[in-house]
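A structural walkthrough
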Amino acid sequence: GYTESELLTAGLIVEPEAGKTHDRFHNLLMFPILDARGRTTGFGARVLDDSLPKYMNSSQTPIFDKSNSLYGINLAMAAIRQQNRAVLVEGYMDVITAHQNGLHNVIASMGTSVTEKQVSTIKRLTKNIALALDADAAGEEAMLRCVGYENRLDSEVKVIILPKGKDPDDVIKQDAKIWQHLVVEALPVIDYTFNM
């Protein structure tokens, strides 16, 4: 029931130079991205093979701004307030696995770039943020960039140290209790920076 113009504006279809539109997310596994009120604002998608890029998000639209979005925020808000801690991970599967295992204060930045807008959203729920970004160079670089958020946003930022080669999804699937221990043992971001 939507017009082609509406689908183009929403970023669900693309129009290459030839002028013929096609599905932006053809043959990809889709993840609806919802805002804090549970309204769909965009989509993430993952390839089903080994092709690159592995993940794709909706393009910037009038209602979707990746830098302002947190995957799973609609499901995690109550738990973040109750536990007084938000755990920020990179990916959709990290959040889904966490919630399937009763770890409801987990949300994702949808990539390694943690933005000031995202941290501001979290700060309205808690001043305690734990980062569990992938244990690779991009994740480490993103965590180091978060040092400035502590002072600017008056938030306590901690870093969850993941086992080498594992992401949150792997750790939680292996043993949710190990994950909970890693969260408790998270290092203050300043200590993590000095260690790096």
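Quick summary incoming for the structure in this document. The structure displayed is predicted, hence computed values, not measured ones.

Reading the values: the criteria
Residues numbered from 1 in each chain as written. Predicted model: local features only at pLDDT ≥ 70, side-chain atom pairs only at ≥ 80, totals over all residues. Heavy atoms only, no water. Phe/Tyr/Trp six-rings, centres within 6.5 Å; stacked < 30°, edge-to-face > 60°. Helix = DSSP H or I, 4+ residues; strand = E, 2+ residues; numbered from the N terminus. Buried < 20%, exposed > 50% of the residue type's maximum accessible area, 1.4 Å probe, protein only. Core = buried A, V, L, I, M, F, W, Y, C linked by side-chain atoms within 4.5 Å. Contact = heavy atoms within 4.5 Å.

1. Examining the packing of aromatic side chains
In this structure the tally under the stated criterion is 5 aromatic pairs. Ring plane angle 90° and centroid distance 6.5 Å describe the contact between Phe31 and Tyr71, whose orientation is recorded as edge-to-face. With Phe31 in strand S3 (residues 29-34) and Tyr71 in the loop between strand S5 (55-57) and helix H2 (73-83), this residue pair connects regions lying 40 residues apart in the sequence. When its relative accessible area of 4% is taken as the criterion, Phe31 is described as buried. Seen in terms of ring centroids, Tyr71 and Tyr92 are 4.8 Å apart; in terms of plane orientation they differ by 85°. Their pairing is edge-to-face. Of this pair, Tyr71 sits in the loop between S5 and H2 while Tyr92 sits in helix H3 (residues 92-100), and the two are 21 residues apart along the sequence.

2. Some thoughts on the nonpolar core
Membership of the largest hydrophobic core comes to 23 residues, with the highest contact counts inside it found for Tyr71, Val87, Val89, Val106, Ile160 and Trp179. Dropping the residues within four chain positions of it, Ile160 is found in contact with Val87, Ala130, Leu131, Ala132, Trp179, Leu182, Val183 and Ala186. Grouped together as the second largest cluster of nonpolar side chains are 20 residues, Ile73, Ile122, Leu131 and Tyr192 included.

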